[in-house]
Amino acid sequence: MTPEQQILDLIQKINYYNDRYYQDSVSEISDFEFDQLLNQLKALESQYPEFRQSDSPTQRVGGTVTKSFNTVYHRYPMLSLDNTYNEQELRNFDDRVRKGLNGEAYEYICELKFDGISLSFTYENGVLVRGVTRGDGTRGDEITNNIKTIRTLPLRVKAAGLPELFEVRGEGFMPISSFQKLNEEMETLGENLYANPRNAASGSFKLQDSAETARRALDCYIYSFITDNEVFKSHEESLLELKSRGFNVSPGWRKVQTIDEVIAYIHAWEEKRMTLPLATDGIVIKVNSFEQQRELGFTAKSPRWAISFKYKAENKPAVLRSVNFQVGRIGTITPVANLCAESERMLPYNQVRGVHLSGTYVKRATLHNANELIRLGIRIGDTVFVEKSGEIIPKITGVDITQRENFLTVPIDFPVNCPECGSPLQRNEGEVAFFCPNDSHCPPQLKGRIEHFIHRKAMNIESLGEGKVETLFDINLVRTPADLYDLKYESLLGLEKNILNEETGKIKKISFREKTVENILNGIALSKTVPFKNVLFALGIRFVGATVAEKLAVYFKSIDALRTASYDQLVAVPEIGGRIAQSIVSYFSVPENQLLVERLQRAGLQMESDEKPVVLESNVLEGKTFVISGVFENFDRDDLKDKIEANGGRILSGVSGKLNYLLAGANMGPAKLEKARKLGVTILAEEEFLAMIRNK
Ligand SMILES: NC(=O)c1ccc[n+]([C@@H]2O[C@H](COP(=O)([O-])OP(=O)(O)OC[C@H]3O[C@@H](n4cnc5c(N)ncnc54)[C@H](O)[C@@H]3O)[C@@H](O)[C@H]2O)c1
Ligand SMILES: [Zn+2]
């Protein structure tokens with residue numbers, strides 16, 4: 001490859017990973033690997049400046065804005081930070097600072113680098129008015145409703161002594177405990193898991209449904225204060241002031257005088273950060289004086305007065321003792337490695353503690369699927385390398401072949417039969433995972449189906465959560481979701497079970513007391529009013545997630561129409577592809593499933609829907625956006641919304657510069673009207689709107 005091709009090739013790769021990371025909240029490679037690609041590109045660009053591209057990822061902030069939110073221009077650009085993984089480069093940074101400041105004395109502030117997403121909050125007269133993501137650094141997504149779910153973020157602060165308009169910035173993050181809870185939930189729902197808390201935070205701050213964002217218990221640390229005119233002299237002063245005004249400033253920061261002290265701070269936190277309730281991926285070092293920050297200035301992508309030091313994920317040897325094959329809710333087989341420290345190789349497995357890695361002892365790591373076993377080429381008895389991705393989830397990264405001379409190793413046999421029910425395993429063409437096809441009798445699949453059924457997004461029987469389903473399942477009281485509707489007070493009262501958590505070794509006692517039983521039965525009774533689309537989702541048909549279930553419910557309107565639909569009828573539904581259609585046809589061809597649906601029908605669940613599909617009347621409003629406000633004569637608001645959509649228009653949630661029309665009824669708020677006028681949005685009366693759609 002010529003250097004030019006190499007440069008173009010790297011740019012293409014980096015752009016791809018950037019898109020996955022910032023838009024889809026997915027990391028396909030580790031941060032370290034990503035940063036190495038970026039460094040290769042930097043090196044090539046400085047060696048061959050003639051091939052440098054003006055829009056190279058070395059020259060700009062990696063993120064973008066999305067179509068799902070209002071785009072807002074930042075008053076002050078939101079930049080990235082230069083980063084390094086080694087101390088020598090940190091000393092080089094210090095040299096540049098010293099030269100840049102011509103021998104003036106200077107101080108640094110060291111802070112933890114929180115692993116989440118960068119957010120900007122604007123306050124007017126002390127009131128929080130806007131929250132925006134970093135986006136591409138110049139423009140971001142306005143996610144005000146979502147950031148208002150952060151409990152530690154003050155909606156109002158004492159304005160005395162502060163400018164009328166100011167901005168604070170911080171890192172929005174998902175605490176590790178929320179992250180683990182969220183992933184457990186995603187697993188029950190059969191959805192893709194988040195690889196780390198950063199990706200989970202990024203995905204959760206950008207949800208359309210703020211109520212769901214609120215449930216995910218996000219948080220934010222504030223680390224900067226920005227205004228037009230200088231209020232504080234230094235970063236230190238602003239941190240202290242932010243704290244005293246009620247902002248959530250992380251207490252770990254420290255002022256130091258020399259780069260050696262910076263390095264000592266880095267060492268001090270390397271292990272200690274693992275005990276924090278959130279993920280951190282390094283340290284940020286900032287020149288303290290604002291005056292000096294201005295002297296040093298910025299590059300196109302980052303300030304010259306700051307740098308981040310990123311910790312390389314700790315990687316340690318471990319011994320692969322055995323592999324378990326777990327059966328998931330939809331029958332997927334996942335190999336899981338049982339590990340121990342090298343010094344524990346000879347201990348019986350129930351006495352091992354595991355490898356100490358990034359703050360905890362690790363005994364297990366997922367191996368994902370059969371292909372991963374082949375890719376790694378590992379054998380039982382091997383010495384393998386383990387690290388935690390995003391410092392949370394342990395993963396095997398490779399094998400130390402040299403150790404094979406010293407220890408006996410044996411190949412891993414991927415099972416041919418389901419370890420739980422003995423059925424021969426299958427694998428669909430083009431998929432990596434093997435699965436157990438016995439979905440009507442395989443115990444973990446049956447139990448998983450019930451857990452999915454009662455989930456908040458399905459039948460919402462939350463009173464049955466946390467081990468109760470397991471209890472009822474194990475004593476054969478509930479083997480299918482339909483059994484829930486036959487439960488009696490007397491058969492539940494007094495039941496008890498101790499459940500062992502294999503990871504922590506702790507035992508949890510589940511007991512069914514009067515109040516519990518009442519709650520359970522009430523929850524079950526209430527679930528009979530849950531709409532058809534939820535019931536359909538609750539059945540847990542493969543590939544029928546919540547969105548697909550809603551589409552099917554709107555289109556077919558009843559379970560009877562759906563279960564008799566042919567493959568051809570199904571693929572004729574917009575956005576329903578062959579894979580989903582096939583899965584639905586197979587589902588309803590299984591006698592157990594037919595019986596289940598009949599029993600649920602008899603129990604009185606909602607098996608019909610009255611939701612109207614959007615029938616397109618015209619496209620006169622195509623590409624036009626609307627906000628509806630106030631009261632109308634001929635329509636209620638839902639009708640209006642339907643009308644707009646039926647004619648190709650789109651509804652936005654708030655007035656912004658991007659909006660085309662504000663549809664104004666009687667009694668609408670003057671503030672909204674005023675804002676629309678200011679932004680030059682066309683204001684429509686009901687009559688004018690009717691004329692528009694009559695002209696189609
Ligand atoms: N794995 C992948 O596929 C992939 C893809 C793209 C980017 N990345 C990672 O993301 C990095 C680039 O992202 P970036 O531009 O956001 O840089 P960054 O995350 O390395 O550093 C800048 C960010 O740090 C955050 N930050 C946390 N604590 C802070 C504090 N105390 N003070 C100031 N800022 C603080 C801010 O959000 C700021 O925007 C890359 O270096 C790479 O590691 C990974
Ligand atoms: Zn099975």
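Residues numbered from 1 in each chain as written. Chains lettered and ligands numbered in written order. Predicted model: local features only at pLDDT ≥ 70, side-chain atom pairs only at ≥ 80, totals over all residues.

- Named according to an unreviewed UniProt entry, the protein chain is DNA ligase originating from Dyadobacter sediminis.
- The record held by UniProt for the protein chain lists under Catalytic activity (unreviewed entry) the comment "NAD(+) + (deoxyribonucleotide)n-3'-hydroxyl + 5'-phospho-(deoxyribonucleotide)m = (deoxyribonucleotide)n+m + AMP + beta-nicotinamide D-nucleotide."
- Quoted verbatim from the Function (unreviewed entry) field of the UniProt record, the comment on the protein chain reads "DNA ligase that catalyzes the formation of phosphodiester linkages between 5'-phosphoryl and 3'-hydroxyl groups in double-stranded DNA using NAD as a coenzyme and as the energy source for the reaction. It is essential for DNA replication and repair of damaged DNA." (UniProt positions renumbered as here; feature names shortened; annotations may be inferred.)

1. Here we look at the overall build of the protein chain
Inference 1: Of regular secondary structure, the protein chain possesses 24 helices and 28 strands.
Inference 2: For the protein chain, the C-alpha radius of gyration of 29 Å lies close to 26 Å, the compact-globule estimate for 696 residues.
Inference 3: Considered along the principal axes of its C-alpha atoms, the protein chain spans approximately 85 × 85 × 60 Å.
Inference 4: Expressed as a percentage of contacts within the protein chain between residues at least 6 apart in sequence, the contacts between residues at least 24 apart total 69%. (Helix = DSSP H or I, 4+ residues; strand = E, 2+ residues; numbered from the N terminus. Rg over C-alpha atoms; globule rule 2.2 N^0.38 Å. Contact = placed C-beta atoms within 7 Å.)

2. Comments concerning the UniProt feature "binding site: Zn(2+)" (unreviewed entry) in the protein chain
Inference 1: Taken from the UniProt record, the annotation "binding site: Zn(2+)" (unreviewed entry) applies to Cys418, Cys421, Cys436 and Cys442. Taken together, the annotated residues stretch across 25 residues yet fold into one region, lying no more than 8.6 Å apart by C-alpha.
Inference 2: Looking at where cysteine 421 falls in the secondary structure, it is placed in the loop between β20 (410–411) and β21 (426–427).
Inference 3: For cysteine 421, a count of 16 C-beta atoms within 10 Å puts it in the partly exposed group.
Inference 4: Among residues more than four places away in sequence, those in contact with cysteine 421 are Cys436, Asn438, His441, Cys442 and Pro443.
Inference 5: Looking at where cysteine 442 falls in the secondary structure, it is placed in the loop between β22 (434–435) and α12 (443–454).
Inference 6: For cysteine 442, a count of 22 C-beta atoms within 10 Å puts it in the buried group.
Inference 7: With near-sequence residues (within four places) excluded, cysteine 442 lies in contact with Val327, Gly331, Cys418, Glu420, Cys421, Ser423 and Cys436. (Buried ≥ 20, exposed ≤ 12 C-beta atoms within 10 Å, placed from the backbone.)

3. Quick look at the packing of helix α3 (residues 87–100) against helix α9 (residues 259–272)
Inference 1: Remark: α3 packs on α9, axes separated minimally by 10 Å, with the N-to-C direction vectors making an angle of 145 degrees. Considering only the axes of α3 and α9, their crossing is right-handed. Here Glu87, Leu90, Arg91 and Asp94 of α3 lie close against α9, whose contacting residues are Ile259, Val262 and Ile263. (Axes fitted to C-alpha atoms, helices over the stretch in contact; angles between N-to-C directions. Left-handed = near helix turned anticlockwise from the far one by under 90°.)

4. What about the pairing of strand β10 (residues 280–287)?
For a regular strand, side chains alternate in direction, first toward one face of the sheet and then toward the other.
Inference 1: Counting buried residues in β10 gives eight out of eight residues, a clear majority hidden from the surface.
Inference 2: One ladder, built from seven bridges, connects strand β3 (residues 108–114) with β10; its direction is antiparallel. When the sheet's bridge partners are listed, isoleucine 109 is paired in β10 with lysine 286. (Pairing = 2+ DSSP bridges.)

5. Things to note about helix α5 (residues 176–188)
Inference 1: Look at α5: 19 Å from first C-alpha to last across 13 residues, which is about the 18 Å you get at 1.5 Å a residue.
Inference 2: Taken residue by residue, α5 has Ser178, Phe179, Leu182, Asn183 and Thr188 as its buried positions.
Inference 3: Elements in contact with the buried residues of α5: α6 (197–205) and α12.
Inference 4: A positive backbone phi angle near 70 degrees is found at glycine 190, which sits one or two residues after α5. (Expected span 1.5 Å × (residues − 1).)

6. Description of the site of ligand 1
Inference 1: In the vicinity of ligand 1 lie 24 residues, with Tyr21, Ser27, Asp31, Ser80 and Ser118 positioned nearest.
Inference 2: When contributions to the shell around ligand 1 are tallied by element, the ones reaching two or more residues are α1 (3–22), α2 (31–47) and β3.
Inference 3: Residues that form the shell around ligand 1 fall into these classes: nine nonpolar, eight polar and seven charged.
Inference 4: Mapping the shell around ligand 1 onto the domain boundaries places at least three of its residues in each of domain 1 (3–51) and domain 2 (71–310). (Near = placed C-beta within 6 Å. Nonpolar A, V, L, I, M, F, W, Y, C, P; charged D, E, K, R; others polar. Domains from an automatic or database assignment.)

7. Details of the UniProt feature "active site" (unreviewed entry) in the protein chain
Inference 1: In the numbering used here, UniProt assigns the "active site" (unreviewed entry) feature to Lys113.
Inference 2: Take lysine 113: it is sitting in strand β3.

8. Details of the nonpolar core
Inference 1: Ile222, Ile283 and Ile285 are the most contacted members of the largest nonpolar core, which totals 53 residues.
Inference 2: Cys442, Ile450, Leu484 and Val544 belong to the second-largest nonpolar core, a separate cluster that totals 51 residues. (Core = buried A, V, L, I, M, F, W, Y, C linked by C-beta atoms within 7 Å.)

9. Section: the domain arrangement of the protein chain
Inference 1: On domain assignment, one finds that the protein chain holds domain 1 (3–51), domain 2 (71–310), domain 3 (315–411), domain 4 (443–603) and domain 5 (625–694).
Inference 2: Distance from the C-alpha centre of domain 2 to the C-alpha centre of domain 5: 38 Å.

10. A closer look at the sheet that holds strand β11 (residues 306–310)
Inference 1: The five strands are arranged β2-β11-β10-β3-β9 in an open sheet whose pairing can be described as mixed. For this open sheet the edge positions go to β2 (83–84) and β9 (254–256), each flanked by a neighbour on one side alone.
Inference 2: As paired strands, β10 and β11 are joined by five bridges and run antiparallel to one another. Opposite isoleucine 285, over in β11, you have isoleucine 307 as the bridge partner.

11. Topic: the sheet that holds strand β19 (residues 393–399)
Inference 1: Taken in spatial order, the five strands of this open sheet run β16-β13-β12-β18-β19, and their pairing is antiparallel. Every other strand in the sheet has two partners, leaving β16 (364–366) and β19 as the edge strands with one partner each. Strand-to-strand twist across the sheet, computed as the mean angle between neighbouring axes with direction ignored, equals 45 degrees.
Inference 2: In terms of strand pairing, strand β18 (residues 383–389) meets β19 through six bridges, oriented antiparallel. Looking at the pairing, phenylalanine 385 lines up with glycine 398 of β19.

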